[in-house]
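So the chains spell out like this:
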Amino acid sequence: MSRRARPVLVIGAAGLALSLAACGSGSGGSPSGGKVKVGLITKTDTNPYFVKMKQGAEQAAKSENVELTTAAGKFDGDNASQVTALENMVAAGVKGVLITPNDSKAIVPAIAKARAKGVLVIALDTPPEPQDAADALFATDNVKAGELIGAYAKAAMAGKTPKIATLDLAPGVSVGVQRHEGFVKGFGVSASDPSIVCSQDTGGDQAKGQTAMENCLQKAPDINLVYAINEPAALGAYTAIKAKGREKDVMIVAIDGGCTGVQAVKDGRIAATSQQYPLKMAADGVKAVAAFAKDGKKTSGYTDTGVTLITDKAQPGTQAEDTGFGLQNCWG
């Protein structure tokens, strides 16, 4: 995406770079009448999901004629950098901040301080805990996303005895907990059901997903179904499964809907994925802050930004779109 001015780097106390996405010139909402400032803080700046989220925010900032400031954690789970970024943005005079929390609980005090100073805080993708710690949440219904692939997997197993591996995110991260809970609910089992023979955390990382799957296959060689928190973890699992020569008899389901993941569904490496829409989350968030700047009304509550089951092997009782639709609406 083209920009009208060169990026400016502001280094915070923890050494985090804030990229001032120049969606126009001006003083950014200062008393002298400059543009409204909006902040976006993502979990990382390398995951394609958050790259697409940033693009959505940039596009909306341009159309709304506001100035966008962006920052990210150095790695998934990096709360300290997000706190520093939020403090820097508030000090710089942002009207609102959009944030995907790395730690849903630890970020809450920083959010509270920002809100106390009149800043609108909207969580994207991942809710803080408690959810009402932020003014609003724009996100996928992560429980529903899990339910969709859980129900799909149940139907696709066609009466086979399930031996399930769950490749999860990390302790204390609400999005991972919600997706896991949705999957087991959709599959029709409890979290402690004996059909779940192995559970490993992956951080949503492909390499860690591969290692986790290798560990699970050592523990339970007869695994025939893998639930993955996201498509990178799913593709890591596929590598481990293929190395054992079992890619034909182990089903993998995932959540995300990135272009690489949807292509993996088309290629048969992943059976199905639940597609979410990060560009819409960020764009709607920027628009909400711009509206707040105009009329003073804060958006509140939860806004569902949608989720769609993507597969080329639809199952009875499930509603899905094929990979053609998925590739038209993917990200990354």
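Residue numbers run consecutively from 1 along every chain, following the written order of its sequence. Predicted model: local features are reported for residues with pLDDT of at least 70 only, side-chain atom pairs are reported and counted for 80 or more only, and whole-chain, interface and lining totals are derived from all residues. Hydrogens and waters are ignored; side-chain quantities use all the structure's heavy atoms.

J.: Give a detailed account of the overall build of the protein chain, specifying residues and quantitative values.
T.: Scanning the protein chain from terminus to terminus reveals ten helices and 14 strands. Throughout, radius of gyration means the C-alpha value; the globule benchmark is 2.2 Å times the number of residues raised to the power 0.38. At 20 Å, the protein chain has a C-alpha radius of gyration in line with the 20 Å of a compact globule built from 332 residues. Overall, the C-alpha framework of the protein chain stretches about 70 × 35 × 35 Å when taken along its three principal axes. Whether two residues are in contact is decided by their heavy atoms, any of which lying within 4.5 Å being enough. When contacts within the protein chain are restricted to residue pairs at least 6 apart in sequence, long-range pairs at least 24 apart make up 72% of them. This count recognises Lys and Arg as positive and Asp and Glu as negative, with His and chain-terminal groups excluded. Charge placement uses NZ in Lys and CZ in Arg. For Asp and Glu, CG and CD serve respectively. Side chains of the protein chain give 35 positive and 32 negative charges; the mean places of these two sets differ by 5 Å. Helix numbers and strand numbers start at the N terminus; a helix is a DSSP run of H or I with at least 4 residues, a strand a run of E with at least 2.

J.: I'd like a rundown of the nonpolar core, residues and numbers included.
T.: For soluble globular proteins, the rule of thumb is that nonpolar side chains tend to be buried together. Among the nonpolar cores identified, the biggest contains 49 residues, and F183, M213, I223, V226 and V253 are the most heavily contacted of them. Among the elements that make up this core, the one with the highest residue count is helix α7 (residues 231-243) (seven residues). Those residues in contact with V226 that lie beyond four places of it in its chain are A165, L167, M213, A237, I241, V250, M251, I252 and V253. Residues belong to one nonpolar core when they are buried, are Ala, Val, Leu, Ile, Met, Phe, Trp, Tyr or Cys, and are joined through side-chain atoms within 4.5 Å. Burial classes follow relative accessibility: with a 1.4 Å probe on protein chains only, a residue under 20% of its type's maximum area counts as buried, one over 50% as exposed, and anything between as partly exposed. One finds L40, F50, V66 and I122 within the second-largest nonpolar core, a separate group that totals 25 residues.

J.: Give a description of the packing of helix α6 (residues 206-219) against α7 that names residues and reports values.
T.: For every element, the axis is a line fit to its C-alpha atoms; helices are fit only across the contacting stretch, and the angle between N-to-C directions ranges from 0 to 180 degrees. Axis separation between α6 and α7 bottoms out at 7 Å; the angle between their running directions is 45°. Relative to α7, α6 is oriented oblique. In terms of crossing hand, the pair formed by α6 and α7 is right-handed. For the pair α6 and α7, the contacting residues are Q206, G209, Q210, M213, E214 and L217 in the first and P232, A233, L235, G236, A237, T239, A240 and I241 in the second. For this classification, Asp, Glu, Lys and Arg are treated as charged, while Ala, Val, Leu, Ile, Met, Phe, Trp, Tyr, Cys and Pro are nonpolar and the rest, including Gly, are polar. In terms of residue class, the contact of α6 with α7 is built from eight nonpolar, five polar and one charged. Every angle not falling under 35 degrees, over 145, or within 65 to 115 is termed oblique; those three ranges are roughly parallel, roughly antiparallel and roughly perpendicular. We call a crossing left-handed when the near helix sits turned anticlockwise from the far one by less than a right angle, and right-handed when that turn is clockwise.

J.: Run through unusual backbone geometry, naming residues and quoting values.
T.: In this structure, P130 follows E129 across a cis peptide bond, with omega equal to 5°. With respect to the helices and strands, the residue P130 is situated in the loop between β6 (120-124) and β7 (136-139). The backbone of D256 sits at a positive phi, close to 155°, despite the residue not being glycine. Take D256: it is sitting in strand β11 (residues 251-256).

J.: Which residues make up the packing of aromatic side chains, and what are the values?
T.: For Phe, Tyr and Trp, where Trp contributes only its six-membered ring, two rings pair if their centres lie within 6.5 Å, and the inter-plane angle classes them as stacked under 30 degrees, edge-to-face over 60, or tilted in between. Under the definition given, this model contains four aromatic pairs. With a centroid separation of 5.9 Å and an interplanar angle of 25°, the aromatic rings of F183 and F187 are classed as stacked. Residue F183 and its partner F187 are both found in helix α5 (residues 174-187); the two are separated by four residues, about one turn of the helix. For F187, a relative accessible area of 2% corresponds to the buried category. Members of the aromatic cluster, each reached through a chain of ring pairs, are Y49, F50 and W331. For a Lys NZ or an Arg CZ to count as sitting over a ring, it must be within 6 Å of the ring centre and within 35 degrees of the ring normal. Its guanidinium or amino end placed over the ring of F292, K95 lies 5.0 Å from that ring's centre, counting from NZ or CZ. Across the ring face of F187, the terminal group of K154 is positioned such that the distance to the ring centre comes to 5.0 Å.

J.: Break down the pattern of salt bridges for me, with residues and values.
T.: A side chain of one charge can pair with a side chain of the opposite charge when the charged atoms of the two come close. The term salt bridge refers to a side-chain nitrogen of Lys or Arg lying within 4 Å of a carboxyl oxygen of Asp or Glu. Within this structure, the stated rule accounts for six salt bridges. Between R115 and D135 there is a salt bridge, with the nearest N and O atoms lying 3.0 Å from each other. Linking R115 in helix α3 (residues 108-116) with D135 in the loop between β6 and β7, this pair joins segments that are 20 residues apart in sequence. With relative accessibility at 28%, the residue R115 sits in the partly exposed group. Judged by relative accessible area, D135 falls into the buried class, the value being 12%.

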